[in-house]
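Structural description and commentary
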Amino acid sequence: MTNNASLKALLKPMNKKSILLSGSELHETNLVFLKESEDERGSFTEIFQKDWGTVLNPVQWSLVRSEQNVLRGMHLHLRHDEYFCLIEGHCLVGLKDMRPESPTYGKSVLYELHGSELSALIFPRGVIHGWYFFRQSIHIQAVSEAYHHYNDDDNLGCYWKDPELNINWPEINPILSEKARNAPSLSELLIATGISESV
Ligand SMILES: Cc1cn([C@H]2C[C@H](O)[C@@H](COP(=O)(O)OP(=O)(O)O[C@H]3O[C@H](C)C(=O)[C@H](O)[C@H]3O)O2)c(=O)[nH]c1=O
């Protein structure tokens, strides 16, 4: 799936499946489909298990509300791994692998997630990431290093629409934070981090 027309078709309201929309899976990145056990009282869902064997060893959990048409990111952390679970709404998650030692170095992927079909996306340090919300949404995120530790020196980023990210975002004009609006290009980010892009 590589063009915006195909993306639009997939994003019809009828389609409630959380899927990999474009690109291919990144090394050590997992989309875990969660089992929602329903009964007459409601439902119960385990959202994280250490036994899944993912890269994540979480130390901080956060709940984030986003308005319609918000894009958060793109961010890059070199020391910590991350977890994302949409619990309400509809979003896209874009990732790009910037780990030179990874077999999927330089590859990008775009996921479409629905809160109505719970899933957890877990990815390692060195993967550039960002999320776009089609409508008012709520997600849970977790990190393997606390924000008050990493914010000073491991909270890097680049401009979400940089073509070198090669992330197949649809045509959107999202609401961004001031920091995201003024974020550097991918090549500026890579120079700052000492990672060389050869793909
Ligand atoms: C990340 C974080 C933020 N905050 C506070 C600091 C600000 O007052 C406010 C928003 O923070 P910021 O603008 O840095 O967050 P985003 O740019 O939306 O970043 C988010 O999206 C991208 C894609 C991510 O990877 C981040 O982990 C995720 O939080 O929440 C906290 O109190 N704790 C936290 O752990």
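Everything discussed here concerns the structure shown above.
As the structure is a computational prediction, the values presented were derived from the model and not from experiment.

**Some thoughts on the sheet that holds strand E1 (residues 19-23)**
What the six strands build is an open sheet, ordered E1-E9-E8-E11-E6-E13; its pairing is antiparallel. Where the open sheet ends on each side, the last strands, each with one partner, are E1 and strand E13 (156-157). In terms of strand pairing, strand E8 (residues 90-97) meets strand E9 (residues 108-114) through seven bridges, oriented antiparallel. Of the residues in E9, the one forming a bridge with Gly-94 is Leu-110.

**Quick look at the site of the ligand**
Close to the ligand lie Gln-60, Arg-72, Gly-73, His-75, His-77, Glu-82, His-129, Trp-131, Gln-141, Tyr-147 and Tyr-150, which account for all nearby residues. Gln-60 is positioned with one of its side-chain polar atoms (N or O) 2.9 Å from an oxygen atom of the ligand. Within the side chain of His-75, an N or O atom sits 3.3 Å from an oxygen atom of the ligand. For the ligand, whose free accessible area comes to 650 Å², the fraction covered by protein is 63%. Taking a 2 Å distance to the grid points as the criterion, the majority of the atoms of the ligand fall inside the largest pocket.

**Considering the sheet that holds strand E12 (residues 137-143)**
Read from one edge of the open sheet, five strands run E2-E10-E7-E12-E5, paired in antiparallel fashion. Either end of the sheet is taken by a strand with one partner, and the two such strands are strand E2 (30-33) and strand E5 (60-66). The mean inter-strand angle of the sheet, taken between neighbouring strand axes irrespective of direction, is 20°. In this sheet, strand E10 (residues 119-123) lies alongside strand E7 (residues 82-88) in antiparallel orientation, the contact comprising three bridges. Residue pairing in the sheet places Glu-82 in a bridge with Phe-123 of E10.

**A closer look at helix H4 (residues 186-193)**
Of all the positions in H4, only Leu-186, Leu-189 and Leu-190 are classed as buried. Down the axis of H4, the smallest arc covering the buried residues is 95°, so these residues share one side. Of the exposed residues in H4, those oriented more than 90 degrees away from the buried face are Ile-191 and Ala-192. Residues of H4 that are buried sit in contact with strand E6 (70-76), E8, strand E11 (127-133) and E13. Directly after H4, the chain includes Gly-194, whose backbone phi takes a positive value near 80°.

The rules behind each value
Residues numbered from 1 in each chain as written. Predicted model: local features only at pLDDT ≥ 70, side-chain atom pairs only at ≥ 80, totals over all residues. Heavy atoms only, no water. Pairing = 2+ DSSP bridges. Helix = DSSP H or I, 4+ residues; strand = E, 2+ residues; numbered from the N terminus. Near = heavy atom within 4 Å. Polar contact = N/O pair within 3.5 Å; in protein donor to acceptor, adjacent residues only side chain to side chain. Areas by Shrake-Rupley, 256 points an atom, 1.4 Å probe, with all protein chains shown as cover. 1 Å grid on protein atoms, 1.4 Å probe; cavity = no way out; pocket = protein on both sides within 12 Å on 5 of 7 lines; lining within 4 Å. Sits in = over half its atoms within 2 Å of the grid points. Axes fitted to C-alpha atoms, helices over the stretch in contact; angles between N-to-C directions. Buried < 20%, exposed > 50% of the residue type's maximum accessible area, 1.4 Å probe, protein only. Arc of directions from axis to C-beta. Contact = heavy atoms within 4.5 Å.

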